[in-house]
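Each chain is listed here by its residues.
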Amino acid sequence: MTATTELPGQPHIHYSVDQLHVEGLPLSPLACEHGTPLFVYSKAAMLSALDAYHRGFAGRQAQICYAMKANSSLAILQVFAEAGCGFDIVSGGELARVLAAGGDPAKVIFSGVGKTRHEMKQALQVGIACFNVESEAELDVLSEVAKGMGKVAPVSLRVNPNVDPKTHPYISTGLKGNKFGIAHEDTLRAYRHAASLPGLKVVGIDCHIGSQITETTPYLDAMDRVLDLVADIEAAGIPIHHIDFGGGLGINYNGDTPPQADALWAQLLAKLDTRGYGQRQLMIEPGRSLVGNAGVCLTEVLYLKPGEQKNFCIVDAAMNDLPRPAMYQAFHQIVPVKPSAGQDAVYDVVGPVCESGDWIGHDRQLQVKAGDVLAVLSAGAYCMSMASNYNTRGRAAEVLVDGTQAHLIRQRESAFDTFALEQLV
Ligand code: LLP
């Protein structure tokens, strides 16, 4: 048997023989066949991340709604739909993707602060499970739209528990200063309002406090705050059928040590039991923790550019493919696909886009030469789904690996694709 070296937190991505593999497939031939930049995902990694949640919820009534904003490629949605997941969507576009991927609209919940009337209609037409409503004004509009269609919209109110998730400020969502959710102190009034509207039926309550959360305490605190509200709302005669605790569980990017989903939920369920809510219908909306460490982005080294203060390793992936470093100063590990006879030095790994903010990694020790292929790790979440065409760069291709089989799930966009909807005057 050949020795393999797993990457931390990524059991389906490993070095074996002479190079990095995703499941049973070496990555160099994939890069040759499909070109770079190329996203490569492991189906087994996604399913084992999902399994951790299933173990955590064994014996409970719980629906996992994959927060598809993390990665909304159709074949990825198909994997989760076939595994029984519902979807947390935030636009009519995402709903269209769920339907195209064979997802069940009855397991869809619709989050977001700015749903349009058109999107509400689309969702009511196909019969989604629930609208996660974020303001009293939205309640009025949704009721009116539903009534106009002769329907009743199932609603949950997203409450803002004012808990610090201890993550990057751009991805904290449950604090008082955030645009999300209904303030704790306004919740009861908003529920009374919802219950009074003819086009709505109150079915649940939800919260989501942020993303890339690596500690358990913020979840426990948020749960306490939400359960206090459930008690008040039910005391006011409004039954709450389900409780949705959102997503947010972090992954290991750079030695981060988030709890495993099953361990996290063991603690949260113990609290639910203690407070007498253990048998409620539960929902969660995980995104990153299901796909983040299931994907890598392969990129070719174009040029090495030594400088007085910095050495640059210029690669063919850029901020339009991997926007997280530029947007959040996020760290992604960068590793060689194969050992190289190149130059060992500390490099800034940067892309071809004309912005100083176009960097993928700062101060990385790498042994590389032009033509080598590097793998940017933890690239399964919030990379392809946030990719753009900036600098008229076509978006990358994507491959889903299942054992020793590679499926091309998205073709590389051509320059023509990027301007196909435009016209000259
Ligand atoms: N539910 C709601 C209402 C959300 O707003 C989000 C993420 C999720 C669920 C899923 O959270 P997750 O389990 O993936 O943490 N682009 C940023 C992350 C933005 C997250 C936005 N909301 C990044 O790349 O770090």
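Remember, it's a predicted structure, so these values are computed and weren't measured experimentally.

Time to look at the environment of Val 145. Its place among the elements puts Val 145 in helix α6 (residues 136-148). Spatially, the C-alpha atom of Val 145 lies 10.0 Å from that of Leu 200, the residues being 55 residues apart in sequence. Excluding anything up to four places from it in sequence, Val 145 contacts Arg 117, Met 120, Lys 121 and Leu 124.

What follows concerns the pairing of strand β22 (residues 405-410). Where strand β21 (residues 397-402) meets β22, 5 bridges bridge the pair, whose relative direction is antiparallel. Considered in β22, the bridge of Val 401 is made with Ala 406. The turn linking β21 back onto β22 is made up of 2 residues, and Gly 403 within it adopts a positive phi angle of 70°.

Bringing the nonpolar core into the picture now. One finds Tyr 66, Phe 80, Phe 131, Ile 205, Ile 243 and Trp 265 to be the most contacted residues of the largest nonpolar core, which totals 100 residues. Considering every element that reaches this core, the biggest residue donor is helix α8 (residues 217-235), with 9 residues. Looking at this core, you find at least three residues from each of domain 1 (5-43 + 292-418) and domain 2 (44-291). In contact with Tyr 66, other than residues within four places in its own chain, are Asn 71, Ile 76, Leu 77, Phe 80, Gly 86, Phe 87, Asp 88, Pro 286, Gly 287, Leu 290 and Val 291. Within the second largest apolar cluster, 20 residues are counted, among which are Leu 7, Val 335, Ala 375 and Val 401.

All right, on to unusual backbone geometry then. That bond from Thr 36 to Pro 37 is cis: its omega, -5°, falls within 30 degrees of zero. Unlike most non-glycine residues, Tyr 382 shows phi in positive territory, near 55°. In this structure Tyr 382 comes out as buried when scored by relative accessible area, which is 14%. Even without a glycine there, the phi angle at Thr 392 is positive, about 45°.

What follows concerns the domain arrangement of the chain. Splitting the chain by domain gives domain 1 (5-43 + 292-418) and domain 2 (44-291). Between the C-alpha centres of domain 1 and domain 2 there is a distance of 32 Å. Across the contact, 29 residues belong to domain 1 and 25 residues belong to domain 2. Roughly 2,200 Å² is buried in total at the junction of domain 1 and domain 2, and carbon and sulfur atoms are behind 55% of that figure. Counting the surface domain 1 buries against domain 2, the share from its top three residues, Lys 43, Tyr 328 and Tyr 382, is 28%. Our count for the contact surface shared by domain 1 and domain 2 stands at 0 salt bridges. Secondary-structure elements contributing two or more residues to the side of domain 1 that touches domain 2 are β5 (38-42), α11 (324-328), β21 and β22. At 3 residues, the largest contribution of residues to the side of domain 1 that touches domain 2 is made by α11.

As a further point, take the side chain of Glu 138. With respect to the helices and strands, the residue Glu 138 is situated in helix α6. A distance of 2.6 Å separates a polar atom in the side chain of Glu 138 from a polar atom in the side chain of Lys 115. Beyond its immediate chain neighbours, meaning those up to four positions away, Glu 138 contacts Gly 112, Val 113, Lys 115, Met 120, Asn 132 and Val 133.

Now for the packing of aromatic side chains. Applying the stated criterion across every chain yields a total of 7 aromatic pairs. Relative to Tyr 41, the ring of Phe 39 has its centre 6.3 Å away and its plane inclined at 15°; by these criteria the two rings are stacked. The burial state of Phe 39 is the same as that of Tyr 41; both residues are buried. Taken together, the ring pairs connect Phe 57, Phe 245 and Trp 265 into an aromatic cluster.

In the neighbourhood of the ligand, 17 residues make up the surrounding shell, with Ser 211, Glu 285, Arg 324, Tyr 328 and Tyr 382 lying closest. Glu 285 places a side-chain nitrogen or oxygen 2.6 Å from a nitrogen atom of the ligand. In the model, an oxygen atom of the ligand is placed 2.6 Å from a nitrogen or oxygen of the Arg 324 side chain. The residue makeup of the shell around the ligand, split by class, is 6 nonpolar, 5 polar and 6 charged. Two domains each put at least three residues into the shell around the ligand: domain 1 (5-43 + 292-418) and domain 2 (44-291).

Calculation criteria
Residues numbered from 1 in each chain as written. Predicted model: local features only at pLDDT ≥ 70, side-chain atom pairs only at ≥ 80, totals over all residues. Heavy atoms only, no water. Helix = DSSP H or I, 4+ residues; strand = E, 2+ residues; numbered from the N terminus. Contact = heavy atoms within 4.5 Å. Pairing = 2+ DSSP bridges. Core = buried A, V, L, I, M, F, W, Y, C linked by side-chain atoms within 4.5 Å. Buried < 20%, exposed > 50% of the residue type's maximum accessible area, 1.4 Å probe, protein only. Domains from an automatic or database assignment. Buried area = accessible area lost by both parts, 1.4 Å probe. Salt bridge = Lys/Arg side-chain N within 4 Å of Asp/Glu carboxyl O. Polar contact = N/O pair within 3.5 Å; in protein donor to acceptor, adjacent residues only side chain to side chain. Phe/Tyr/Trp six-rings, centres within 6.5 Å; stacked < 30°, edge-to-face > 60°. Near = heavy atom within 4 Å. Nonpolar A, V, L, I, M, F, W, Y, C, P; charged D, E, K, R; others polar.

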